[in-house]
Amino acid sequence: MAHFRPKYITFDCYGTLTNFQMAEAARDLYGEQLDEARMVEFIKNFAAYRLDEILGDWKPYKEVVHNSLERACKRNGIIFREEAARMVYERVPTWGPHADVPAGLSKVAKEIPLVILSNAMNVQIMSNVEKLGAPFYAVYTAEQANAYKPRFQAFEYMFDMLGCGPEDILHCSSSFRYDLMSAHDLGIKNKVWVNRGHEPANPYYGYVEIPDISGLPGVVGL
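Since this is a predicted model, take the numbers as computed values, not measurements.

Describing the overall build of the protein
Tallying secondary structure elements over the protein gives 10 helices and 6 strands in all. By its C-alpha atoms, the protein is 50 × 35 × 30 Å across when sized along the principal axes. Expressed as a percentage of its 222 residues, the buried residues of the protein come to 52%. Pairs at least 24 residues apart make up 63% of the contacts formed inside the protein by residues separated by at least 6 positions. For the protein, the exposed area adds up to about 10,100 Å²; of that, 50% sits on carbon and sulfur atoms. Across the protein, the 23 positively charged side chains and the 28 negatively charged ones have centroids separated by 1 Å.

Right, dumping it as structure tokens:
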């Protein structure tokens, strides 16, 4: 994918651009109740249940957080409290970008329109986007699409709204399970994996790997 210049660069937001801090929230809540090994297991379970919760019909992200935290607590023998789930949900709009994001995005935004496709609620996402330090052509949410990624419906909503097809975009994410596997299956040939350590490499899905967003301008020849 030598210097492909797409019509749009599309992004996952949480984790890829915004510093997604669910693990830190879990530690703040349960770190005094669990030793390190059990804490690591709890964080792993919490993440897995969040993915499981979004694979069916759309529901508000507040319910996703509530249900996945409750299931993780049950699995790990911890008392679940609704106020804990509410606290985690209310933290989401306060999270800012990874340190590498503003400069990398700003350079690319001067030449190519940037688009976000996020597993977010409408009331959450703009607070995070405003902190990214670059202009976005469009921001689409799971609430608007009535489906969360990795469901194809979320991507198809974005295509419809942009009036483009898989061949017109470069999709950028730090996650295979939420983004890049679906992008591959939908025929998005031009993909960037931001290796933030969330998941292991999987070359089968065909992508350019960068360590952070500072590497993105080079991918598109800027």
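Overview of the pairing of strand E5 (residues 191–194)
Looking along a regular strand, one sees side chains alternate from face to face of the sheet. By the alternation rule, side chains of E5 split into Lys191 and Trp193 and Val192 and Val194, which are all buried. Pairing of strand E4 (residues 169–173) with E5, which is carried by 3 bridges, proceeds in the parallel orientation. Bridge assignment links Ser173 to a residue of E5, and that residue is Trp193. Handedness of the E4-helix H9 (residues 176–185)-E5 crossover: right-handed. Summarising the sheet, E5 and strand E6 (residues 208–210) pair through 3 bridges and their orientation is parallel. Its bridge partner lying in E6, Val192 is registered against Val208.

Observations concerning the side chain of Asn76
Looking at the secondary structure, you find Asn76 in helix H3 (residues 61–76). A distance of 2.8 Å separates a polar atom in the side chain of Asn76 from the backbone oxygen of Ala72. Once residues lying within four places of it in the same chain are set aside, the contact partners of Asn76 are Arg38, Glu41, Phe42 and Asn45.

Focus on the environment of Phe46
Within the secondary structure, Phe46 is located in helix H2 (residues 36–53). In this structure the C-alpha to C-alpha distance between Phe46 and Ser68, which are 22 residues apart in sequence, comes to 6.0 Å. Not counting chain neighbours up to four residues away, the residues in contact with Phe46 comprise Met22, Ala26, Val65, Ser68, Leu69, Ala72 and Val88.

Procedures and definitions
- Residues numbered from 1 in each chain as written.
- Predicted model: local features only at pLDDT ≥ 70, side-chain atom pairs only at ≥ 80, totals over all residues.
- Heavy atoms only, no water.
- Helix = DSSP H or I, 4+ residues; strand = E, 2+ residues; numbered from the N terminus.
- Buried < 20%, exposed > 50% of the residue type's maximum accessible area, 1.4 Å probe, protein only.
- Contact = heavy atoms within 4.5 Å.
- Areas by Shrake-Rupley, 256 points an atom, 1.4 Å probe, with all protein chains shown as cover.
- Lys, Arg positive; Asp, Glu negative; His and termini not counted.
- Charge placed at Lys NZ, Arg CZ, Asp CG, Glu CD.
- Pairing = 2+ DSSP bridges.
- Right-handed = clockwise from strand over helix to strand, strands pointing away.
- Polar contact = N/O pair within 3.5 Å; in protein donor to acceptor, adjacent residues only side chain to side chain.

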